[in-house]
Amino acid sequence: MKKIFLTLIVSILGLTHVTSFAQQKSSLHAHVHGQAQLQLAIDESQAVLSFSSPLDNFLGFERAPKDEAEREKVKQLLLQLQNPLLWIELSAAAQCQVGQIELDSPVITGKQKTNDEKKHGDMRFDVELQCKNPQHLRSLKAKLLQQYKGIDRLKVEVVHAGGQHTKTLQADEISMTW
Ligand SMILES: [Zn+2]
């Protein structure tokens, strides 16, 4: 029953093109426990939020869940992922809404076939945002740094027509403006 439930959520999220996304991101991120990366690319009418993190930061493990408690952790994480703007709060004036979400994490999507304890696992996702006023998209708050103690540092990169900005955020400094 639980498995069916997870599969259902994954299909609601519309998680497609996982392979191409993984290939695209592989050169950009490093797997360091306690660290995560966020990229926000803003263009004229939309923005794309790309996030990657070791699974350990969220779950405390990086393999398929072993028991009911671990399955529950994965389920809760999946539910959180349905609204990424609760993790990353964007300028309200920009009026952005979440469009398609592409999640790449075999452990979370239930596609993990082997359970090698030595292997590391990531969670990566891309979120398409439709913004009424993208020109007002000038700040973000990485609330997930206060929600998940497993993440010490979030490296943020913002790319827009005006340039490129980078900042490393931590639990005591979650805001960034550009
Ligand atoms: Zn790891």
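Bear in mind that the values here come from a model prediction, so they are computed numbers and not experimental data.

Peer 1: Sorry, what's going on with the coordination of the zinc ion here?
Peer 2: Tetrahedral coordination by four donors puts the ideal angle at the metal at 109.5 degrees, and octahedral coordination by six puts it at 90 or 180 degrees. At the metal site, the zinc ion is ligated by His31 (NE2), His33 (NE2), Glu62 (OE), Glu62 (OE) and His120 (ND1), and these contacts range over 1.9 to 2.8 Å. Sequence positions of the residues that donate to the zinc ion give the spacing H-x1-H-x28-E-x57-H. Here histidine 33, found in the loop between α2 (18-25) and β1 (35-42), pairs with histidine 120, found in the loop between α5 (106-109) and β5 (122-131); they are 87 residues apart in sequence, far enough to count as distant.

Peer 1: Explanation requested: the state of the cysteines in the structure shown.
Peer 2: A covalent bond bridging the sulfur atoms of two cysteines is what the word disulfide describes. Counting across every chain of the model gives one disulfide. Between the sulfur atoms of cysteine 96 and its disulfide partner cysteine 131 the distance amounts to 2.1 Å. The S-S bond linking cysteine 96 to cysteine 131 shows a torsion near 105 degrees; that makes this disulfide right-handed. Residue cysteine 96 is found in strand β4 (residues 96-104), and its partner cysteine 131 is found in strand β5; the two are separated by 35 residues along the sequence.

Peer 1: Would you explain the environment of threonine 109 in this entry?
Peer 2: As for its position among the elements, threonine 109 is in helix α5. Spatially, the C-alpha atoms of threonine 109 and lysine 75 are 9.7 Å apart, while their sequence positions differ by 34 residues.

Peer 1: Would you mind going over the side chain of aspartate 126 with me for this structure?
Peer 2: For aspartate 126, the location among the structural elements is in strand β5. Taking relative accessible area as the criterion, aspartate 126 reaches 12% and is therefore assigned buried. A polar contact of 2.6 Å, which involves the side chain of aspartate 126, links it to the side chain of serine 50.

Peer 1: Could you clarify how one ought to interpret the packing of aromatic side chains in this entry?
Peer 2: Where two aromatic rings form a pair, the distance of their centres and the angle of their planes describe that pair. Following the criterion strictly, the structure yields seven aromatic pairs and no others. Residues phenylalanine 51 and phenylalanine 58 carry aromatic rings whose centres are separated by 6.0 Å and whose planes lie at 75 degrees to one another, so their mutual orientation is edge-to-face. These aromatic residues form a ring-pair network of at least three members: Phe51, Phe58, Trp87, Phe125 and Tyr148.

Peer 1: Got a minute to help me understand the nonpolar core in this structure?
Peer 2: Generally speaking, a soluble globular protein has its nonpolar side chains buried in company with each other. If you look at the biggest cluster of nonpolar residues, it comprises 43 residues, and the most contacted ones within it are Leu40, Phe58, Trp87, Met123, Leu140 and Leu144. Looking at this core element by element, the count peaks at five residues for β5. Residues contacting leucine 140, with those up to four places away along its chain left out, are Leu38, Leu40, Ile88, Glu89, Leu90, Val156, Val158, Leu169, Ile174, Ser175, Met176 and Trp178.

Peer 1: Quick question: what am I supposed to make of the pattern of salt bridges here?
Peer 2: Close approach of charged atoms allows side chains of opposite charge to pair. Applying the stated criterion to the full structure yields six salt bridges. In this structure, glutamate 89 engages lysine 143 in a salt bridge whose closest nitrogen and oxygen atoms are separated by 2.8 Å. Of this pair, glutamate 89 sits in strand β3 (residues 88-90) while lysine 143 sits in the loop between β6 (139-142) and α6 (144-147); the two residues are 54 residues apart in sequence, bridging distant segments of the chain. Classification of glutamate 89 by relative accessible area gives partly exposed; the value is 30%. Across the pair lysine 167 and glutamate 173 runs a salt bridge whose closest N-O atoms are separated by 3.0 Å.

Peer 1: Explain the sheet that holds strand β8 (residues 163-169) to me, please; I cannot follow it from the model alone.
Peer 2: Each strand in a sheet pairs with another by means of backbone hydrogen bonds, the pair being arranged parallel or else antiparallel. Strands sit in the order β4-β5-β2-β1-β7-β8 across an open sheet of six strands; the sheet is mixed. The sheet is open, and its two edges are formed by β4 and β8, each paired on a single side. Along the sheet, successive strands turn relative to each other by an average axial angle of 15 degrees, direction set aside. Relative to strand β2 (residues 46-54), β1 runs antiparallel, the two being bridged by six bridges. Within β2, the position partnered with leucine 40 by the bridge is leucine 49.

Cut-off values and rules
Residues numbered from 1 in each chain as written. Predicted model: local features only at pLDDT ≥ 70, side-chain atom pairs only at ≥ 80, totals over all residues. Heavy atoms only, no water. Donors = N, O, S within 2.8 Å, 3.2 Å for Na, K, Ca; no water. Helix = DSSP H or I, 4+ residues; strand = E, 2+ residues; numbered from the N terminus. Disulfide = S-S within 2.5 Å. Buried < 20%, exposed > 50% of the residue type's maximum accessible area, 1.4 Å probe, protein only. Polar contact = N/O pair within 3.5 Å; in protein donor to acceptor, adjacent residues only side chain to side chain. Phe/Tyr/Trp six-rings, centres within 6.5 Å; stacked < 30°, edge-to-face > 60°. Core = buried A, V, L, I, M, F, W, Y, C linked by side-chain atoms within 4.5 Å. Contact = heavy atoms within 4.5 Å. Salt bridge = Lys/Arg side-chain N within 4 Å of Asp/Glu carboxyl O. Pairing = 2+ DSSP bridges. Axes fitted to C-alpha atoms, helices over the stretch in contact; angles between N-to-C directions.

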